[in-house]
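Spelled out from the first residue to the last, the chains are:
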Amino acid sequence: MAVRKLAPEEIQPDSFTFSSENMAFVAQQIAKYPPGRQASAVIPLLWRAQEQAGGWLPRKAIEKVAELLDMPHIRVMEVATFYTMFNLEPVGKYFIQFCGTTPCALRGAGDIKKVLERRVGEQNHVSADGNFSWLEVECLGACCNAPMVQINDDYYEDLTTENFEKLLDDLAAGRPVKKGSQVGRRSSEPQGDVKTLTDPHLYDGSQVGAWRKRFEEEAASTASAGEAAAATASAPSTPKPAKPEAGRAIESEAADTPAKRAKEGEAPISQTERKEASDGKRATAVEARTEDAAKPAPQSDKSYVATPSKPSGGAPTPDAPSTPVAGTPPSDTPQRRDGSESKPDVTLDKSNKPS
Amino acid sequence: MAKIIVDGVEVDVPPEYTLLQAAEAAGAEIPRFCFHERLSIAGNCRMCLVEVKGAPKPVASCAWGVRDCRPGPNGEPPEISTKSPTVKKAREGVMEFLLINHPLDCPICDQGGQCDLQDQAMAYGVDTSRYHENKRAVPDKYLGPLIKTSMNRCIHCTRCVRFTTEVAGVSDLGAIWRGEDMEITSYLERALGSELQSNAADLCPVGALTHKPEAFHYRPWELTKTDSIDVMDAVGSSIRVDSRGREVMRILPRVNEAVNEEWITDKARHIVDGLRMQRLDRPFVRVNGQLRPASWQEAFGAIATKLKGTDPKRVGAVVGDLAAVEEIYALKLLMESLGVTNIDARQDGTVLSPTYGRGSYLFNTTIADIEDADAILIVGSNPRIEASLVNVRIRKRWRVAPPAIALIGEHVDLTYPYAYLGAGPETLTELLAGRHSFAEALKGAERPLIIVGQGALVRPDGLAVLSLAAQLAQSVGAVKEGWNGFSVLHTAASRVGALDLGFVPGAGGLTAAEMANGGVDVLFSLGADEIAVAPGTFVIYQGTHGDRGAHRADVILPAATYTEKSGTYVNTEGRVQLANRAAFAPGEAREDWAILRALSDVLGHRLPFDSLNALRAKLYEAYPHFADFDRIAPADVASAVQALAGLGGSAGREAFVSPIKDFYLTNPIARASGVMAECSALAQERRLVAAE
């Protein structure tokens, strides 16, 4: 981890106060927690303070957060220094977090780093014009589009020295830039040709139940009919039909991907898309989230625990006696699970006092 | 109780015990760095790994409960092993990791010889390093005048952070950055603001935090250890005085669950340099307004001459804060034989007196039983500076489950939240009349505790305030079968012993204040430095330091400090404790009882003992409870409170003010100490910053 330190005294601002809308945010965050537990809001508050202060945390901001949360200064300081997402020294207008972890490194992050070193300078230093500063960070989780950097809040992927230089030029000049992949592919779909899972038989349903058919053939070929017949008796007489809607993207004609286009002999990236990518008006517009917030988190349909009263696949069953919700302290579980349940003399003591 | 097998030994321990405690109960020793009995469990050093039968890998025994262990397949008790090869290998691995970044500077480290890491490396360390990279380097931190840091040595056990936060109650220390870059520091390296901070250096298992005033002065194996009692406040903390030759080198706490657990205040620890500085090492006599060195004979002669022509009614004796029971007794006998009734041991003017019974001036609840109180009212006291370890107990009680705590007096930071009721006696009156919400809390409490401090008692209406407090104690049922909730907090180590001896004005006698204001012609001051004597009085000062009392004196008799004599001290609870001699007094200075015995001979009223043992025999004959060391002679609290409650009187309106203005400079030894002066200046600065 890079060496970090508090900004020197001469560039620390004399005071820090949250703006009025941020104060509303602060009140909202504190209200999330029970009274007396307001310290739990320390990370959102520090984050908002960092946003307001221009991407870094001045000392006064740390003290202000401590004051708002009724925490000792050192406790807030501990949090602010622990997390690398808090910058303790000023950063450029565009703060570049450059990923130097293995996948990016294999895909040419070294060249990107050279660009940064040449154009911005050393790590953790703001460029002379105040526009840029950069920091090498660990994996940001966009390996499929490596190499990549994060600039302020957005990812910029599929970088090459050329498009990265252009990106920096555009940012410095205040021109709009495209977020995400810089070569025009959508999210993490394959770039160029599809090389795997290309056999059309995979998708026409002919493969479904093929193993069963093979077993049947093998069974039929063996002389002893009794056991083999019994083994195959449970198999349905006709294999299940293939499900066209099974969700394989490549099956759906609706999916218009570069991979498919390449397969069909077209250019993977169309001219219109290229134009779109360089169309700044469209690219920089921040789209509001339209996701339904009430949507439950995806849950696995599988359960390793036999729950006879399973009302719906995967949903937690509140009355299941043997599966406490993860994170429940042992003392709160309906049943002791510390091993003492098998001891005859131990009575169940909910208050957790020594028996 | 839960059964557990430790190394084949089956023990029965409470189920909430950790494996480490269970192992100790079974007699197995577990090495540890981060674990400490009196602090919360961190579980980050991993040195205490043990093997639990059935567990896939070694577990940290300090953080694993006995009740968390699975029984065997047939319901046998869980089994752990603390000596198996797996455990040894695991601990050796931990030790190797700890030593990766630990510098090899034991020869220049003050912790050498008393270092947990050193000791445990003997058992689990290897003699070579397999690490070829550079060691971590960490800048040293400034943490104030008492703690020296050498942060390269830090192994991140966080004991110091937990101590300051949990026990001392100041969130000053913290661990910033993370992983290998983690550093222990205070916010922006400010000096720690606790009167208990040196204990953090004691807790440090390595040499990262050491005591700054003692740095490079000694090696622990050179020192002679003497168990003794601290006299800096009336708590009477158990200490160990380590000396080399005739010099006291350091003072350490001793474990005493009933009094100080294992902490002592910075004042108790770091007045060591005060024991050397400004010492009176020969008698002095004032000739023509100038103090001139004299021989003992000349000094005694001057006293005898002066006393011969003085009416015993114009002679008085005052005892200071650091005197032991033996010399107070000798002085009392001497004054009795001279026919003097003007005797007083209360130089601060407190109204406490044996007249109302021993229960009227003791901390009857006892310090350990503070942990049982379920409502606490503090009247006219700032326990944090008057008796820091009493405050630690109250804080400990508060941490377990916050009881109702309220304070009448100065609104100060006690390190725990409390209800501030008011500043003076009228609040106490209101509380007594039930016109205060806290009255309900006190009444509803099963074991209410009322602590009356000297701030409420060292004032003209002190007796009326004491009576009010006693009435309140009666009305809330603080004194009953099995619970004594009426407690007086003292600030002077000598006070309770002197009151036990009845060293208060006899029939027609004058109080200390009256004597000091010209009530007597000859005043014998046994180390009374906190009282200003009016001009005109002939002052005989028997003491240890060239302090206020000596400056005013006409004859100075050099005496021994508490580390240079064997003396009995009675703490605020009434606990009789023996301080032992660790060194010898400098120059011609003598033990106090011997000076008084010699003086009595010159005065023609020879005291009836020739040795300390003879003195003690007579003392124990007259006051048997002084022979009962480390115990508290039972006092009749109910009748004492009854007597006090019956006094009545009208209390004034002035606010209670603690008599201790500066924690670090309360007595001549502390005022002679450079370390205490530095601490005092820092505390002054902090107060100014806080006032802004």
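Cut-offs applied
Residues numbered from 1 in each chain as written. Chains lettered and ligands numbered in written order. Predicted model: local features only at pLDDT ≥ 70, side-chain atom pairs only at ≥ 80, totals over all residues. Heavy atoms only, no water. Helix = DSSP H or I, 4+ residues; strand = E, 2+ residues; numbered from the N terminus. Buried < 20%, exposed > 50% of the residue type's maximum accessible area, 1.4 Å probe, protein only. Contact = heavy atoms within 4.5 Å. Areas by Shrake-Rupley, 256 points an atom, 1.4 Å probe, with all protein chains shown as cover. Rg over C-alpha atoms; globule rule 2.2 N^0.38 Å. Pairing = 2+ DSSP bridges. Axes fitted to C-alpha atoms, helices over the stretch in contact; angles between N-to-C directions. Left-handed = near helix turned anticlockwise from the far one by under 90°. Nonpolar A, V, L, I, M, F, W, Y, C, P; charged D, E, K, R; others polar. Buried area = accessible area lost by both parts, 1.4 Å probe. Salt bridge = Lys/Arg side-chain N within 4 Å of Asp/Glu carboxyl O. Polar contact = N/O pair within 3.5 Å; in protein donor to acceptor, adjacent residues only side chain to side chain. Core = buried A, V, L, I, M, F, W, Y, C linked by side-chain atoms within 4.5 Å. Domains from an automatic or database assignment. Disulfide = S-S within 2.5 Å.

What about the overall build of chain A?
Stage number 1. Of the regular secondary structure elements, chain A holds twelve helices and five strands.
Stage number 2. Relative to its full complement of 355 residues, chain A shows a buried share of 31%.
Stage number 3. Of the contacts made within chain A by residues no fewer than 6 positions apart, 58% connect residues no fewer than 24 positions apart.
Stage number 4. Accessible area for chain A stands at about 22600 Å²; split by element, carbon and sulfur atoms hold 54% of it.

What to know about the overall build of chain B
Stage number 1. Looking only at helices and strands, chain B features 21 helices and 28 strands.
Stage number 2. What you see for chain B is a C-alpha radius of gyration of 28 Å, in line with the 26 Å of a compact globule of 692 residues.
Stage number 3. Principal axes of the C-alpha set define a box for chain B whose edges measure 90 × 60 × 55 Å.
Stage number 4. Taking all 692 residues of chain B together, 60% fall into the buried category.
Stage number 5. Taking all contacts inside chain B whose residues are at least 6 apart in sequence as the whole, residues at least 24 apart take part in 70%.

So, the sheet that holds strand β4 (residues 154-157) of chain A
Residue and element names in this part refer to chain A.
Stage number 1. Here five strands make up an open sheet; going across it, the order is β2-β1-β3-β4-β5 and the pairing mixed. Each edge of the sheet is formed by a strand with only one pairing partner; in this case those strands are β2 (132-137) and β5 (180-181).
Stage number 2. In this sheet, β2 lies alongside strand β1 (residues 94-99) in parallel orientation, the contact comprising six bridges. Bridge assignment links Phe 98 to a residue of β2, and that residue is Glu 136.

A closer look at the pairing of strand β11 (residues 238-244) of chain B
Residues in a regular strand project their side chains so that they alternate between the two faces of the sheet.
All names here are of chain B.
Stage number 1. Of all seven residues in β11, five are buried; the element is thus mostly enclosed.
Stage number 2. Bridge count for strand β10 (residues 224-229) against β11 is six bridges, and the pairing is antiparallel. Counterpart to Thr 224 in the pairing with β11 is Ser 243.
Stage number 3. Summarising the sheet, β11 and strand β12 (residues 247-253) pair through six bridges and their orientation is antiparallel. Bridge pairing in β12 places Arg 240 opposite Leu 252.
Stage number 4. Between β11 and the antiparallel strand that follows it, β12, lie two residues; Gly 245 among them carries a positive phi value of about 60°.

Let's talk about the packing of helix α6 (residues 109-119) of chain A against helix α7 (residues 161-173) of chain A
Residues and elements named next belong to chain A.
Stage number 1. In contact at an axis separation of 9 Å, α6 and α7 are set at 35° when each is read in the N-to-C sense. Relative to α7, the crossing made by α6 is right-handed. Residues Asp 111, Ile 112, Val 115, Leu 116, Arg 118 and Arg 119 of α6 touch α7, and the partners they reach there are Thr 161, Phe 164, Glu 165, Leu 168 and Asp 169.
Stage number 2. Looking at the contact of α6 with α7, its residues break down into five nonpolar, one polar and five charged.

What to know about the interface of chain B and chain A
Stage number 1. Across the boundary between the two partners, chain B contributes 24 residues, which contact 25 residues of chain A.
Stage number 2. Summing both partners gives a buried area of about 2100 Å² for chain B against chain A, and 56% of it is carried by carbon and sulfur.
Stage number 3. The interface formed by chain B and chain A includes zero salt bridges.
Stage number 4. At the junction of chain B with chain A, the criterion picks out six residue pairs in polar contact (both at pLDDT 80 or more).
Stage number 5. No other element matches strand β7 (residues 173-176) of chain B, which puts four residues into the side of chain B that touches chain A.
Stage number 6. Residue composition of the side of chain B that touches chain A, by class: eleven nonpolar, five polar and eight charged.

A few points about the sheet that holds β10(B)
Residues and elements named next belong to chain B.
Stage number 1. In space, the three strands of this open sheet follow the order β10-β11-β12, with antiparallel pairing throughout. Only two strands of the sheet have a single partner each, and these edge strands are β10 and β12. Ignoring which end each strand starts from, the neighbouring axes of this sheet average 30° apart.

Focus on the nonpolar core
All names here are of chain B.
Stage number 1. Ranked by internal contacts, the top residues of the largest apolar core, which has 114 residues, are Ile 4 and Tyr 562.
Stage number 2. Ranked by the residues each element gives to this core, the list is headed by helix α4 (residues 159-168), at five residues.
Stage number 3. Grouped together as the second largest cluster of nonpolar side chains are 89 residues, Leu 307, Val 452, Val 476 and Leu 526 included.

Some details on the environment of Arg286(B)
All names here are of chain B.
Stage number 1. Among the structural elements, Arg 286 can be located in strand β13 (residues 284-287).
Stage number 2. Excluding residues that lie within four positions of it along the chain, Arg 286 makes contacts with Leu 291, Ala 550, His 551, Arg 552, Ala 553 and Asp 554.
Stage number 3. A polar contact of 3.1 Å, which involves the side chain of Arg 286, links it to the backbone oxygen of Gly 289.
Stage number 4. At a separation of 2.9 Å, a polar atom in the side chain of Arg 286 contacts the main-chain carbonyl oxygen of Ala 553.

Describing unusual backbone geometry
Stage number 1. With an omega dihedral of -5°, the bond running from Ala146(A) to Pro147(A) counts as a cis peptide bond.
Stage number 2. Inspection of the secondary structure assignment puts Pro147(A) in the loop between β2 and β3 (149-151).
Stage number 3. The phi angle at Phe216(B) is positive, at roughly 60°, despite the residue not being glycine.
Stage number 4. Of note, Phe216(B) is situated in the loop between β9 (209-211) and β10.
Stage number 5. The phi angle at Thr415(B) is positive, at roughly 75°, despite the residue not being glycine.
Stage number 6. Mapping Thr415(B) onto the fold places it in the loop between β18 (404-408) and β19 (419-422).
Stage number 7. Classification of Thr415(B) as buried rests on a relative accessible area of 10%.

Digging into the domain arrangement of chain A
Stage number 1. Taken domain by domain, chain A consists of domain 1 (12-82) and domain 2 (94-181).
Stage number 2. For domain 1 of chain A and domain 2 of chain A, the distance between their C-alpha centroids amounts to 29 Å.

Describing the state of the cysteines
Disulfide: a covalent bond formed between the sulfur atoms of two cysteine residues.
Residue and element names in this part refer to chain B.
Stage number 1. Tallied over the full model, the rule gives zero disulfides over all chains.
Stage number 2. Between Cys 48, a cysteine without a disulfide, and Cys 62, which holds the nearest cysteine sulfur, the sulfur-to-sulfur distance is 3.7 Å.
Stage number 3. Using a relative accessible area of 1% as the deciding quantity, one classes Cys 48 as buried.
Stage number 4. The cysteine Cys 69 is free of any disulfide, with Cys 48 supplying the nearest cysteine sulfur at 13 Å.
Stage number 5. Residue classification places Cys 69 among the buried positions, given a relative accessible area of 6%.

Quick look at the pairing of strand β25 (residues 538-543) of chain B
All names here are of chain B.
Stage number 1. Of all six residues making up β25, six are buried, and the element is well covered by its neighbours.
Stage number 2. Both faces of β25 are covered, namely the face carrying Phe 538, Ile 540 and Gln 542 and the face carrying Val 539, Tyr 541 and Gly 543.
Stage number 3. When strand β24 (residues 522-526) meets β25, the two strands line up parallel, connected through five bridges. In the strand pairing of β25, Leu 526 is matched with Gln 542.
Stage number 4. Across four bridges, the pairing between β25 and strand β26 (residues 555-558) is parallel.

Remarks on the pattern of salt bridges
Residues and elements named next belong to chain B.
Stage number 1. Tallied over the full model, the rule gives 61 salt bridges over all chains.
Stage number 2. Here Asp 554 and Arg 552 are joined by a salt bridge, their closest N and O atoms 3.8 Å apart.
Stage number 3. For Asp 554, a relative accessible area of 13% gives the class buried.
Stage number 4. Looking at Arg 552, the relative accessible area reads 22%, which means it is partly exposed.
Stage number 5. We note a salt bridge from Arg 597 to Asp 601, for which the minimum N-O separation is 4.0 Å. Taken together, the residues Arg 597 and Asp 601, both in helix α17 (residues 592-603) and four residues apart, mark about one turn of the helix.
Stage number 6. Here Arg 597 falls in the buried class, since its relative accessible area comes to 13%.
Stage number 7. Linked through salt bridges whose partners overlap, the residues forming this network are Arg 38, Glu 257, Glu 261, Glu 262, Glu 371, Arg 393 and Lys 396.

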